[in-house]
Amino acid sequence: MTGITRRHLLSVSAASTAAFAMPRFASAQSTERPAVTVAVQRISNSNTLEMLTEQSNVGTRIYTSYAETLIGNNWIGDMSLQPQLATSWKRVDDQTVDVDLREGVKFHNGDVMTAEDVAFSYGPDRMWGGGTVEVPENVKVVARQALPAFERIEVLGPHKIRLHNSSIDPVLEGRLSGSIGMIVSKRAFMEAKSWMDWARRPITTGPYAITEYKPDSVLTLSAFDDHWEGRPPLRQVRFVETPETASRINLLRSGGADFACDIPPDQIATVEADKRFKVVGGPINNTRYTVFNKSHPVLANPLVRQALTHSVDRNLIVESLWSGRTEVPRGLQWSFYGDFYIADHENPAYDPDKARALLRKAGYNGEPIPYRVLNDYYTAQTATAQINTENWRAVGLNIKLQMVENWGQISEGGPETRGIHDWSAAASLPDPYVQMSGSWGPLGSPWKSNQWRNEEFGKLSQELGSSTDKTRRIAVWRRMLQIIEIEDPAYVVLHRNASFTAKRADIKWTPAQSFVMDFRRHNWSA
Amino acid sequence: MVDATSSPAGTGGSLITRLLSRFATGNRMPLLIVIAILWLVLMLAIAVSADLISPYRFTQMDLRNRLSLPVFMGGSWRHVLGTDELGRDVLSRLITSIRMSLLIAFGATIIGAVIGVTLGFVAAHFRGIVEQAVLALVDFSAAIPFLVLALAVLAFFGNSLVLFVCLLGFHAWERYARIARGLAISGKTHGYAAAVHQLGASPWRLYGRHILPNIASTLIVSMTLAFPEIILLESGLSFLGLGIQPPDTSLGNMVGFGREYLSSAPWIMLAPAFVITVTALCVSLLGDWLRDRLDPTLS
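All figures in this text were calculated on a predicted structure; none of them were measured in a lab.

Caption draft 1: Seen up close, the overall build of chain A. From N to C terminus, chain A includes 19 helices and 16 strands. Considering only C-alpha atoms, chain A reaches an extent of 75 × 55 × 40 Å along its principal axes. Summed over its atoms, the accessible surface of chain A is roughly 20100 Å², and 50% of this surface lies on carbon and sulfur atoms. A distance of 3 Å separates the average location of the 59 positive side-chain charges in chain A from that of its 59 negative side-chain charges.

Caption draft 2: Looking closely at the environment of valine 162 of chain B. Residue and element names in this part refer to chain B. Mapped onto the elements, valine 162 comes out in helix α7 (residues 161–169). The exposure class assigned to valine 162 is exposed, which follows from its relative accessible area of 61%. Each C-alpha atom of the pair valine 162 and leucine 262 lies 31 Å from the other, and the pair is 100 residues apart in sequence.

Caption draft 3: Region of the structure containing the packing of aromatic side chains. Evaluation of the coordinates by the stated rule reveals 28 aromatic pairs over all chains. When the centroid spacing of 6.0 Å and the interplanar angle of 15° are considered together, the rings of tyrosine 289 of chain A and tryptophan 423 of chain A count as stacked. Of this pair, tyrosine 289 of chain A sits in strand β12 (residues 277–292) while tryptophan 423 of chain A sits in strand β15 (residues 420–426), placing them 134 residues apart in sequence. Take tyrosine 289 of chain A: its relative accessible area is 0%, and that puts it in the buried class. Looking at tryptophan 423 of chain A, the relative accessible area reads 21%, which means it is partly exposed. Between tyrosine 378 of chain A and tryptophan 407 of chain A, the ring centres sit 6.3 Å apart and the planes meet at 80°, which makes this aromatic pair edge-to-face. Taken together, the positions of tyrosine 378 of chain A in the loop between β13 (368–374) and α14 (381–394) and tryptophan 407 of chain A in helix α15 (residues 407–410) put the pair 29 residues apart, joining distant regions of the chain. On the basis of relative accessible area, tyrosine 378 of chain A is assigned to the buried category, the value being 4%. In this structure, arginine 259 of chain B is placed above the aromatic ring of phenylalanine 239 of chain B, and the distance from its NZ or CZ to the ring centre is 4.2 Å.

Caption draft 4: Quick peek at a nonpolar patch on the surface. On the surface, a cluster of nonpolar side chains totalling about 560 Å² of accessible area is made up of Met29, Leu31, Leu32, Val34, Ile35 and Leu38 of chain B. As for its placement among the helices and strands, leucine 31 of chain B is situated in helix α2 (residues 31–48).

Caption draft 5: View of the UniProt feature "domain: Solute-binding protein family" (unreviewed entry) in chain A. As recorded in UniProt, the feature "domain: Solute-binding protein family" (unreviewed entry) lies at residues 81–439 of chain A. Along residues 81–439 of chain A, the helical share is 30% and the strand share 25%, with 22 Å between the first and last C-alpha atoms.

Caption draft 6: Local environment of the packing of helix α4 (residues 90–126) of chain B against α7 of chain B. All names here are of chain B. Orientation of α4 relative to α7, taken along the N-to-C sense of each, is 50°, at an axis distance of 7 Å. Accordingly, the angle class assigned to the pair α4 and α7 is oblique. The chirality of how α4 crosses α7 is right-handed. Along its contact with α4, which presents Met100, Ile104, Gly107, Ala108, Ile111 and Gly112, the element α7 presents Leu161, Phe164, Val165, Cys166, Leu168 and Gly169. Here the residues of the contact of α4 with α7 are counted per class, giving nine nonpolar, three polar and no charged.

Caption draft 7: Representation of the sheet that holds strand β16 (residues 491–504) of chain A in the model. All names here are of chain A. The strand order across the open sheet formed by 10 strands is β8-β9-β10-β1-β11-β16-β12-β15-β13-β14, and the pairing between neighbours is mixed. Among the strands making up the open sheet, the edge pair consists of β8 (208–214) and β14 (398–404). Two strands pair when backbone bridges link them, and strand β11 (residues 259–260) and β16 are joined in this way by two bridges, in the antiparallel orientation. Bridge pairing in β16 links alanine 260 to alanine 502. Together, β12 and β16 form the strand contacts of helix α10 (residues 265–272), whose direction differs from that of β12 by roughly 170°.

Caption draft 8: Looking closely at the pattern of salt bridges. Residues and elements named next belong to chain A. Summed over all chains, the structure comprises 45 salt bridges over all chains. The salt bridge involving arginine 276 is made with aspartate 274; its shortest N-O contact spans 2.9 Å. Among the residues examined, aspartate 274 registers a relative accessible area of 23% and is labelled partly exposed. Its salt-bridge partner being aspartate 506, residue arginine 504 comes within 3.0 Å of it at the nearest N-O pair. By relative accessible area, aspartate 506 is classed as partly exposed at 36%.

Caption draft 9: Representation of the interface of chain A and chain B. Contact with chain A, which involves 22 residues of that partner, is made by 21 residues of chain B. Buried surface at the junction of chain A and chain B, both sides included, amounts to about 1900 Å², of which 53% is carbon and sulfur. Summed over the three residues of chain A that lose the most area to chain B, namely Asp266, Gln386 and Glu390 of chain A, the buried surface amounts to 24% of that side. Inspection of the region where chain A meets chain B yields three salt bridges. When the shortest N-O distance is used, the salt bridge between aspartate 266 of chain A and arginine 66 of chain B registers 2.4 Å. If you look at where chain A meets chain B, you find eight residue pairs in polar contact (both at pLDDT 80 or more). Secondary structure elements with two or more residues in the side of chain A that touches chain B: α9 (245–253), α10, α12 (314–320), α14 and β14 of chain A. The element best represented in the side of chain A that touches chain B is α14 of chain A, accounting for six residues.

Caption draft 10: Inspection of the pairing of β12 of chain A at higher detail. Residue and element names in this part refer to chain A. Counting buried residues along β12, 13 of its 16 residues qualify, which places the element largely inside the surrounding structure. Two elements, β12 and β16, share 12 bridges in a ladder whose sense is antiparallel. By the bridge assignment for β16, valine 291 is matched with tyrosine 491.

Caption draft 11: Molecular detail of helix α6 (residues 146–157) of chain B. Residue and element names in this part refer to chain B. With 12 residues, α6 should reach 16 Å at 1.5 Å per residue; the first-to-last C-alpha distance of 16 Å fits that figure. When α6 is considered as a whole, its buried residues turn out to be Phe146, Ala150 and Leu154. All buried residues of α6 fall inside an arc of 65° around its axis, so they share one side. Opposite the buried face of α6, at more than 90 degrees from it, the exposed residues are Val148, Ala155 and Phe156. At its buried positions, α6 is contacted by α7 and α10 (203–239). Looking one or two residues beyond α6, the residue adopting positive phi is glycine 158, at roughly 75°.

Caption draft 12: Region of interest: the confidence of the model for chain A. In this model, chain A carries a mean pLDDT of 90, and residues with pLDDT of at least 70 account for 94%. In this model residues 1–7 of chain A is a low-confidence stretch, pLDDT under 50, and it forms 11 contacts with partners more than four residues away in sequence or in other chains.

Caption draft 13: Structural context of unusual backbone geometry. A cis amide bond links proline 246 of chain B with the next residue in sequence, proline 247 of chain B, at an omega value of 5°. Relative to the helices and strands, proline 247 of chain B is located in the loop between α10 and α11 (251–258). For aspartate 376 of chain A, which is not a glycine, the phi torsion comes out positive at approximately 55°. With respect to the secondary-structure elements, aspartate 376 of chain A resides in the loop between β13 and α14.

Conventions and cut-offs
- Residues numbered from 1 in each chain as written.
- Chains lettered and ligands numbered in written order.
- Predicted model: local features only at pLDDT ≥ 70, side-chain atom pairs only at ≥ 80, totals over all residues.
- Heavy atoms only, no water.
- Helix = DSSP H or I, 4+ residues; strand = E, 2+ residues; numbered from the N terminus.
- Areas by Shrake-Rupley, 256 points an atom, 1.4 Å probe, with all protein chains shown as cover.
- Lys, Arg positive; Asp, Glu negative; His and termini not counted.
- Charge placed at Lys NZ, Arg CZ, Asp CG, Glu CD.
- Buried < 20%, exposed > 50% of the residue type's maximum accessible area, 1.4 Å probe, protein only.
- Phe/Tyr/Trp six-rings, centres within 6.5 Å; stacked < 30°, edge-to-face > 60°.
- Lys NZ or Arg CZ within 6 Å of the ring centre and 35° of its normal.
- Patch = residues over 30% accessible without salt bridge, like charges linked within 9 Å, V, L, I, M, F, W, Y side chains within 5 Å.
- Salt bridge = Lys/Arg side-chain N within 4 Å of Asp/Glu carboxyl O.
- UniProt positions renumbered as here; feature names shortened; annotations may be inferred.
- Axes fitted to C-alpha atoms, helices over the stretch in contact; angles between N-to-C directions.
- Parallel < 35°, antiparallel > 145°, perpendicular 65-115°, else oblique.
- Left-handed = near helix turned anticlockwise from the far one by under 90°.
- Contact = heavy atoms within 4.5 Å.
- Nonpolar A, V, L, I, M, F, W, Y, C, P; charged D, E, K, R; others polar.
- Pairing = 2+ DSSP bridges.
- Buried area = accessible area lost by both parts, 1.4 Å probe.
- Polar contact = N/O pair within 3.5 Å; in protein donor to acceptor, adjacent residues only side chain to side chain.
- Expected span 1.5 Å × (residues − 1).
- Arc of directions from axis to C-beta.
- pLDDT = per-residue confidence, 0-100.

So, in structure tokens, the structure goes:
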């Protein structure tokens, strides 16, 4: 489909070497650059490309190709913060950061990025409401979740801004690397007819510009030759939605795609049996867990939820379905949390007898508990769900597995129809407040939708955000983990997620420690 | 519907007597038909006794023993047909799947036949505008590709076993309706129908007790044609992920989930695929043969 032959590739690499020598003037050769097709299981859950409405694993995969944030992440290296649209930043005090913006950055519509656009991207018209245009409710929630104490951005000069936060935040700079902070063109935003029109085709600064987006089908990005890093290495990047694993692999084999994402570990040997292909990837910064709806009449009893957590055999799942290629973390926390890593925190042990005893104590009598599952949205999701359902059945829990089509169907219906569903959580910043309070605190969506609330946890979550006493914060964090994972479980952690991508063996491309797919020039040679 | 004592001899038992006499006096049954009947009896026996004969519970997992080989490929006798990607016994799943698929096929065939025959008789009895309405429905139904309709219904209403069986029941109802209408109209002109009518029998009695048994042979042949189609349709929809959902299993569902393992563990999908093919073939062969036997013009 892409029509790349060996000879063609040789000429392309020759051309791109020339391009490196004369970055701006080699555009006559632009048609010679390769185009790649990536088979993904889903392009965007919300059918938008605006990260304020698309906070998902699949959204993470696509957005770095067309959008950029002030501060970037070294996704394929050590995950450290990198200058992107900001060239440097400096703490003024605990609540204020000064940021110098890159000069000569152009938006896909040709406009030059200024401090105005940056202030606008973080402003009321796009994130908070109360400006001149109406902002959807879910956008405000997502923005507040990601930037809990954001106050405003002050424009200090054409290429200098100051970020004001209303409270102390140890990872304030890190928050500027979040996907919702993609810098957008003020003019283009204000010219868009509606939020949906904008969200389907945001005007941003990334190395590839959106040329076509057909929801549920295909996203086509084309090289943006005016990008500040110079000409991007690919003429075109196309994401093709292919929900079935077997179809993604077949698309790769038949030459219809150059990359196939979300390959289950079982299929790695099958794909690599053909020398033309290679599977890359491994554990990423994402935790797979299964979450409970506390407002379900049966799950309201913490003993039932504890029984659920004690009948999940994580190690067996990792060993069998993942061939040991990932690991079981100690709860929803990361070793890069440093002093905040509670090294002696234990997941609820797999103990069917204890689970049975808890169910007896709870007076559980086989009342059905619905468990909604998407067909392999997460790698090996259906298989994992069936393993857990079988283990739950073995201890006497009556779990009704319901296969659903999309995320909307998962949150559909009254609280008695929603029991258990699968979820995941990503982290990149070294402070537990970002991930845990963002996902599960009073600003998070489960709290807002009354899926899980716990008064003590809510207070501690706020304290974790506002306290400056490190020792106290560590104690608070320890207690929060104890509440949400052991005493009043909101979820059960399954394993660290891993992402495996099958690709053409002749392409030199490194996968990220995240769902992000990096197609910038430093990560491409073929 | 009708009590047996009042049934006039001859009409009610005519189908069975005719069949029996043909079996007794006709040519010897071909070997292929014997095999087909034996296979279908075997499938029925498996479906009825699934719980008794399956060696394991169909959801029982043995994750440390995933993708183990079937006996004919050198595996152990613990799992005669091997295990699947979750270490579940393929034989046990196959047995449960056969029951599920046959249940769906029987249920759907009967629903289709009942709807079709009833509407056909209604059209034949009332004629006029009612008949035109029924015929319009028949044309409508025949004009829409059923798979498209099924996909639309499942996408809108979600999936449950009852809905799924009812939906498949609407497959091919228009064929029964056409046959029933045509034969009932011609049957009404026969002497026996006129006689029963003259004696004051209600329409219920006329159609249910007298006309239906006389046209049953054609309808049964039509059912044997629809039956394998429904098995294939169920398999197709389940393969596409719109039919039977985990943790339940059906033949098509097994093929669908086994396809990822086609090159590494082909036994997961070969066994159900074989059963689908052979069962559909056997029912078709039997139906074809029955048609020949029951058609008076061919004897």
